[in-house]
Amino acid sequence: MSLVVPLFQLLGYDVFNPSEFCPEYIADVGIKKGEKVDYAILENGQPIILVECKSCSEQLDKHSSQLFRYFGTSPAKFGILTNGVIYRFYTDLEESNKMDLVPFLELNMLQLKDTSINELKKFCKDNFDKDKIFSTAEELKYSSLIKNVLQKEFESPSDDFVRFILTDIYDGQKNQRVIEKFSPVVKRAFSSFVNEIVNSKISSALSSDAEDATGDNDNTEDLIEETIVSKIVTTEEEIEGFYIIRGMLAGTVPVEDIVYRDTESYFGILYTNNNRKPICRLNLDTKNKQLLIPDESKKFERIYITSLNDIYKYKNKLI
């Protein structure tokens, strides 16, 4: 409850209104009466989303069958299975009124990505459009499955994949001996191909930065972060700092134009989500907390602060 309910509160639902966010929603399954789903989001008295919750210490793989049963007896179009950390979103792409066995979207709250957040926004109360979500669910589902296949083949090419690669480049018989011979070659070539794409994008970003003469390599950092799985952890203190700055600038620019982007080296706050329009940076992971504010040439002035309250002293400079 402490992990799941706050998320739906952030999505705009009144979690204290049982006619909108109903705990222990009764979903009769066949001859079994009184079966209860942990939460149901209701619209005009009818469930539109079912939420089945498990302990954060439990794996979700063995629990989808329970949500599967509930889904088939309710008019809800979406089902969510979660342990508070992992959220799996299901619908009925394969067969109407029968929940798919594979989720079309999976979120890990400890490794959130911008693309996942954008999909989650569609479930906000103000934005919720079941037809629109359903129309994109199929692509999301199969795109995710394709990425998983590519990831597996990248790490350890299967015999079928090696055989497929050899189809147009090797005329001889593709027996097991040949497959075993070429497997490490295919793996190295695949790895080299991906690295060349990454390096090409990084070089392009560096060239772009040089042309702009900003001396700022933020674009390169972003590309690296998007391509390589990062261990970035956005802290509550950083979020609090962001809202302090956003509040101070609220009368100057629209608040929705002030966004943050976390990196491994700093917490950046940007104007219109443009990396070339930095408002400031925060570095709160060190013993000496720092506020960095750019000048007209985009060189950052480093200001040491003892607490987040010190940010208020620099309101005029931030404006």
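Summary of the structure given here. All of these numbers come straight from a predicted model, not from anything done at the bench.

### Some remarks on unusual backbone geometry
Phi at Asn 97 takes a positive value of approximately 65°, unusual for a residue other than glycine. Position of Asn 97 among the secondary structure elements: in the loop between strand S5 (86-90) and strand S6 (105-108). With relative accessibility at 54%, the residue Asn 97 sits in the exposed group. Not every positive phi belongs to a glycine, and Asn 273 is a case in point at roughly 55°. By secondary structure assignment, the location of Asn 273 is in the loop between strand S8 (267-271) and strand S9 (278-283). Classification of Asn 273 by relative accessible area gives partly exposed; the value is 43%.

### Let's talk about a nonpolar patch on the surface
A surface patch of nonpolar side chains, about 540 Å² in accessible area, is lined by Leu 101, Val 102, Tyr 142, Leu 145, Ile 146 and Leu 150. Relative to the helices and strands, Tyr 142 resides in helix H4 (residues 130-155). Tyr 142 gets classed as partly exposed once you look at its relative accessible area, which sits at 34%.

### Overview of the sheet that holds strand S7 (residues 258-262)
What the five strands build is an open sheet, ordered S7-S8-S9-S10-S11; its pairing is antiparallel. Looking at the sheet topology across the chains shown, the edges are occupied by S7 and strand S11 (300-305). This sheet shows a mean twist of 20° between the axes of neighbouring strands, independent of strand direction. As paired strands, S7 and S8 are joined by five bridges and run antiparallel to one another. Of the residues in S8, the one forming a bridge with Arg 261 is Gly 268.

### Notes on the packing of aromatic side chains
The full count for this structure, using the stated rule, is 14 aromatic pairs. Ring plane angle 40° and centroid distance 5.6 Å describe the contact between Phe 8 and Phe 21, whose orientation is recorded as tilted. With Phe 8 in helix H1 (residues 4-10) and Phe 21 in strand S1 (residues 21-26), the pair connects residues that are 13 residues apart, well separated along the chain. For Phe 8, a relative accessible area of 3% gives the class buried. Consider the rings of Phe 161 and Phe 190, whose centres lie 5.8 Å apart with planes at 25°: the pair is stacked. Linking Phe 161 in helix H5 (residues 159-166) with Phe 190 in helix H6 (residues 176-212), this pair joins segments that are 29 residues apart in sequence.

### Quick notes on the environment of Asp 114
Relative to the helices and strands, Asp 114 is located in helix H3 (residues 114-121). Sequence separation between Asp 114 and Arg 261 is 147 residues; the distance between their C-alpha atoms is 9.6 Å.

### As for the nonpolar core
Side chains of nonpolar character tend, in soluble globular proteins, to be buried together. If you look at the biggest cluster of nonpolar residues, it comprises 27 residues, and the most contacted ones within it are Phe 8, Ile 49, Val 51, Phe 89, Phe 104, Phe 123 and Phe 128. Secondary-structure elements contributing two or more residues to this core are H1, strand S2 (36-43), strand S3 (46-53), strand S4 (78-82), S5, S6 and H4. When residues no more than four places from it in sequence are discounted, the contact partners of Phe 123 are Leu 11, Tyr 13, Ile 49, Phe 78, Phe 89, Phe 104, Phe 128 and Ile 133. Within the second largest apolar cluster, 20 residues are counted, among which are Phe 242, Val 253, Cys 280 and Leu 318.

The rules we used
- Residues numbered from 1 in each chain as written.
- Predicted model: local features only at pLDDT ≥ 70, side-chain atom pairs only at ≥ 80, totals over all residues.
- Heavy atoms only, no water.
- Helix = DSSP H or I, 4+ residues; strand = E, 2+ residues; numbered from the N terminus.
- Buried < 20%, exposed > 50% of the residue type's maximum accessible area, 1.4 Å probe, protein only.
- Patch = residues over 30% accessible without salt bridge, like charges linked within 9 Å, V, L, I, M, F, W, Y side chains within 5 Å.
- Areas by Shrake-Rupley, 256 points an atom, 1.4 Å probe, with all protein chains shown as cover.
- Salt bridge = Lys/Arg side-chain N within 4 Å of Asp/Glu carboxyl O.
- Pairing = 2+ DSSP bridges.
- Axes fitted to C-alpha atoms, helices over the stretch in contact; angles between N-to-C directions.
- Phe/Tyr/Trp six-rings, centres within 6.5 Å; stacked < 30°, edge-to-face > 60°.
- Core = buried A, V, L, I, M, F, W, Y, C linked by side-chain atoms within 4.5 Å.
- Contact = heavy atoms within 4.5 Å.

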